[in-house]
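Here is what each chain is made of, one letter per residue.
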Amino acid sequence: AFNNAITSLQFIDPDGNKRLLSNGRKKGCYIPVSNINESPSRLIICEGFATGCTLANNEPVSTVIAAIDAGNLKNVAIASREKWPDAEIIIAGDDDRLTKGNPGATKAREAALAASAQLCLPEWPENAPEHLTDFNDLANWLKEGAS
């Protein structure tokens, strides 16, 4: 949360299935990933923690936070803009291109518009598998030799 209180916990099993703590609060809350400070010059907001870690590795001077899921991006983006009005805010959205309506990109656009933020989506090389959806997937695929 934006008051440094823990409002929930996320559990991720070995297969990647995610669950939040029963009765925990998610709306408008985030998972801090890197460089959390009082006045960031650049803030990157993404959906998940793994994507946040990838972005933090590539942008070590930026503050990176994870909104937990696409449905929470807008809430976190608006609260971020209120807390850090002068920060450059970038919404690093998922590209759920195989899911009807592409909720990752759609919700990321909504968040960017609502918070006067920039939008960034993965750019897929021609040979990228269609099941890749986020910056973490892209980085891992490239690391494995883009095969």
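What you see is a predicted model, and the numbers here were worked out from it, not measured in a lab.

Undergrad: Where do I start with the nonpolar core in this structure?
TA: A general tendency of soluble globular proteins is for nonpolar side chains to be buried together. Membership of the largest hydrophobic core comes to 17 residues, with the highest contact counts inside it found for Ile 45, Leu 73, Ile 89 and Ile 91. Of all the secondary structure elements, the ones that give two or more residues to this core are strand E4 (42–46), helix H2 (70–83), strand E6 (88–92) and helix H3 (103–114). Setting aside residues no more than four positions away along its own chain, Leu 73 makes contact with Ile 45, Cys 46, Glu 47, Ala 67, Ile 91, Lys 107, Ala 108 and Ala 111. Counting residues in each nonpolar core, the second largest holds nine residues, with Ala 56, Val 64, Ala 92 and Phe 135 among its members.

Undergrad: Could you clarify how one ought to interpret the side chain of Asp 95 in this entry?
TA: Assignment of secondary structure puts Asp 95 in the loop between E6 and H3. Side chain to side chain, Asp 95 and Asn 102 meet in a polar contact 2.7 Å long. A polar contact is formed between the side chain of Asp 95 and the side chain of Trp 124, at a distance of 2.7 Å. Those residues within four positions of Asp 95 in sequence are excluded, and the remaining contacts are Asn 102, Pro 122, Trp 124, Leu 132 and Thr 133.

Undergrad: Would you take a moment to explain the sheet that holds E6 for this structure?
TA: The strand order E3-E5-E4-E6-E7 describes an open sheet built from five strands, whose pairing is mixed. At either end of the open sheet lies a strand with only one pairing partner, and these are strand E3 (31–34) and strand E7 (118–120). Across this sheet, the average inter-strand angle for adjacent strands is 25 degrees, counted without regard to direction. Of the pairings in the sheet, the one linking E4 to E6 comprises five bridges and is parallel in character. Residue pairing for E6: Ile 44 is matched across the bridge by Ile 90. Packed onto the sheet, helix H1 (residues 49–58) meets E3, E4, strand E5 (63–66) and E6 and runs at close to 25 degrees relative to E3.

Reading guide: rules and limits
Residues numbered from 1 in each chain as written. Predicted model: local features only at pLDDT ≥ 70, side-chain atom pairs only at ≥ 80, totals over all residues. Heavy atoms only, no water. Core = buried A, V, L, I, M, F, W, Y, C linked by side-chain atoms within 4.5 Å. Buried < 20%, exposed > 50% of the residue type's maximum accessible area, 1.4 Å probe, protein only. Helix = DSSP H or I, 4+ residues; strand = E, 2+ residues; numbered from the N terminus. Contact = heavy atoms within 4.5 Å. Polar contact = N/O pair within 3.5 Å; in protein donor to acceptor, adjacent residues only side chain to side chain. Pairing = 2+ DSSP bridges. Axes fitted to C-alpha atoms, helices over the stretch in contact; angles between N-to-C directions.

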